[in-house]
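The lines below spell out each chain.
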Amino acid sequence: MRGRSWPVNVGGGGAGKGGTSPIVGRVVHGAAAAALRWRVALLLVPLVYVALMLVFVGWWNLEAVPVRVGVPVLKRAPPPGSVYRSPQVFQKLWPFMQSEFNHSNACVKLMMAWHQKTTQKWKPCLRKRSLQAELSPSNGFLIIEANGGLNQQRLSISDAVAVAGILNATLVIPIFHFNSVWCDSRAVRIAPFSYRLAHSVPSSIQRLRCLTNYEALRFSPPIRTLAERMIDRMVKNSSSNGGKYISVHLRFEKDMVAFSCCTYDGGQQEKTEMDKARERGWRGKFNKPGRVIRPEANRRNGKCPLTPLEVGMMLRGMGFGNTTTIYVASGKIYNAQKYMAPLHQLFPLLETKETLASADELAPFKGHSSRLAALDYTVCAHSEVFVTTQGGNFPHFLMGHRRYFNGHSKTIKPDKRKLVLSFDNPNIRWDRFKHHMQEIFRHSDLKGVGLRKPGSC
């Protein structure tokens, strides 16, 4: 019996001898398709994994690392805010800053754009009757020595008066290590006295602190005389802004940069200078076994001093135009020729004690850091807006002093953890940068709305 031939068409083959049945063809075709899909899946899985890593872990960059086989490897880029890229951001944004109309908004910003405080304006809590109260017989004498810098001495004396009040003792006015700063020259030398009193004390003791710090303590006549001249000159130079000016406490001296353990854009020369400054000032503190310095983490956490450029960019982003008059209070700025130039570029009406006072006027103060700090302190105290950039005793006391006399004085204390994020993005648009700076400005201003506790000073 002759076999029947089935017509099939698999792969172009015909029926008959050597042909393939329809069932077998379908099986082969399905197996080939499945194998192809499996290959595609195997190729896609690594790509999906890498894509997910980019999204959830962060940006990566290819960097050639000198490994044994010489193959480039993936290395994670530092998190945003870790690296000093402010000069690149400035280079990108400077044309937009120049194109804005700045000549009319400086005065408006100084006078109108501040958050309107809803609470009642504060007034000094010391009443005349409390200043004229009769003293009870003394229980003895309290003798202290006020050491340290200008504001360390201020703290020591304020606390000493409070302690004398608690003990009902007579305070013997101490000798000051820089006795030409303060008016009184009576002297008795004893052990150092500082940070001896808690911050949380009864209101009557706090009033003694206020009385001492803001009423009784006066700078010596030579300091007051020159400081008043400098203030008059600042007001005159600010005539286009209604006599109002901004003061900035800039902490970018070499020792401050060294102590912060932050890195900027000075390369190996900067590293060498900072290493020497740390060893000279703190002898081995930063070289102890097991101590690790993390500049990138310091910057992200807001611990790095702002450069003059960063202060200028921040203020321009906040809306202060190039006709704003600025007084910079500082010591000797690290690498001043390089770092101060962009701040002058952003704010041409910039003054310091060296520009406000003549060389002859400053001659008696040269070499005496506390006397120079007293000049800065007084000029800043009379400014319309005070900008603090790094913390410390100087801004701490100055903010209290301004609040004591002026109620809710205008202070900008920026959140540097947020600032560095904008300074680390060379591709940021000017409108976005301004938005970020003005958010920081509003946050700083809202933090200044304080509620006085009942019975507090």
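Structure shown above.
Report follows, based on the coordinates. (Residues numbered from 1 in each chain as written. Predicted model: local features only at pLDDT ≥ 70, side-chain atom pairs only at ≥ 80, totals over all residues. Heavy atoms only, no water.)

When helices and strands are tallied, the protein shows 19 helices and nine strands. Per-residue burial for the protein yields a buried fraction of 40% across its 457 residues. Of the contacts formed within the protein by residues at least 6 apart in sequence, a portion of 76% connects residues at least 24 apart. Total accessible area on the protein stands at roughly 26,400 Å², and carbon and sulfur atoms take up 58% of it. (Helix = DSSP H or I, 4+ residues; strand = E, 2+ residues; numbered from the N terminus. Buried < 20%, exposed > 50% of the residue type's maximum accessible area, 1.4 Å probe, protein only. Contact = heavy atoms within 4.5 Å. Areas by Shrake-Rupley, 256 points an atom, 1.4 Å probe, with all protein chains shown as cover.)

Now for helix H16 (residues 369-381). The terminal C-alpha atoms of H16, which comprises 13 residues, lie 18 Å apart, in line with the 18 Å expected from a rise of 1.5 Å per residue. Within H16 the residues assigned to the buried category are Ser370, Arg371, Leu372, Ala374, Leu375, Asp376, Tyr377, Thr378, Val379, Cys380 and Ala381. (Expected span 1.5 Å × (residues − 1).)

Further remarks concern the sheet that holds strand E9 (residues 410-412). Reading across from one edge, E7-E6-E5-E8-E9 is the order of the five strands in this open sheet, with parallel pairing throughout. Each end of this open sheet is capped by a strand with a single partner; those strands are strand E7 (350-351) and E9. The sheet contact formed by strand E5 (residues 246-249) and strand E8 (residues 385-388) spans four bridges and is parallel. What sits directly across from Ile246, in E8, is Val385. On the sheet, helix H11 (residues 308-318) packs against E5, strand E6 (326-329), E8 and E9 and is oriented at approximately 125° with respect to E9. Together, E5, E6 and E8 form the strand contacts of H16, whose direction differs from that of E6 by roughly 150°. (Pairing = 2+ DSSP bridges. Axes fitted to C-alpha atoms, helices over the stretch in contact; angles between N-to-C directions.)

Take the pairing of E8 next. Remark: a regular strand shows side chains that alternate across the two faces of the sheet. Because side chains alternate across E8, one face comprises the buried residues Val385 and Val387, and the other comprises Phe386 and Thr388, equally buried. Taken together, the three bridges between E8 and E9 define a ladder with parallel strand orientation. Paired with Val387 across the bridge in E9 is Ile412.

What follows is about the side chain of Asn241. Inspection of the secondary structure assignment puts Asn241 in the loop between helix H7 (221-237) and E5. Exposure remark for Asn241: the relative accessible area of 2% places this residue in the buried category.

Moving on to helix H18 (residues 416-423). When H18 is considered as a whole, its buried residues turn out to be Lys416, Leu419, Val420, Ser422 and Phe423. Buried residues of H18, viewed axially, fall in a sector of 160°; they line one side. Put simply, Asp415 is the residue that caps the front of H18, since its side-chain oxygen is 3.1 Å from the backbone nitrogen of Arg417. (Arc of directions from axis to C-beta. Polar contact = N/O pair within 3.5 Å; in protein donor to acceptor, adjacent residues only side chain to side chain.)

Our next topic: the state of the cysteines. Inspection of every chain in the model, using the stated rule, returns one disulfide. Between the sulfur atoms of Cys262 and its disulfide mate Cys304 the distance is 2.0 Å. Judged by the sign of its S-S torsion, about -95°, the bond between Cys262 and Cys304 is left-handed. Here Cys304 lies in the loop between helix H10 (295-300) and H11 and Cys262 lies in the loop between helix H8 (254-260) and helix H9 (267-282), a separation of 42 residues in the sequence. (Disulfide = S-S within 2.5 Å.)

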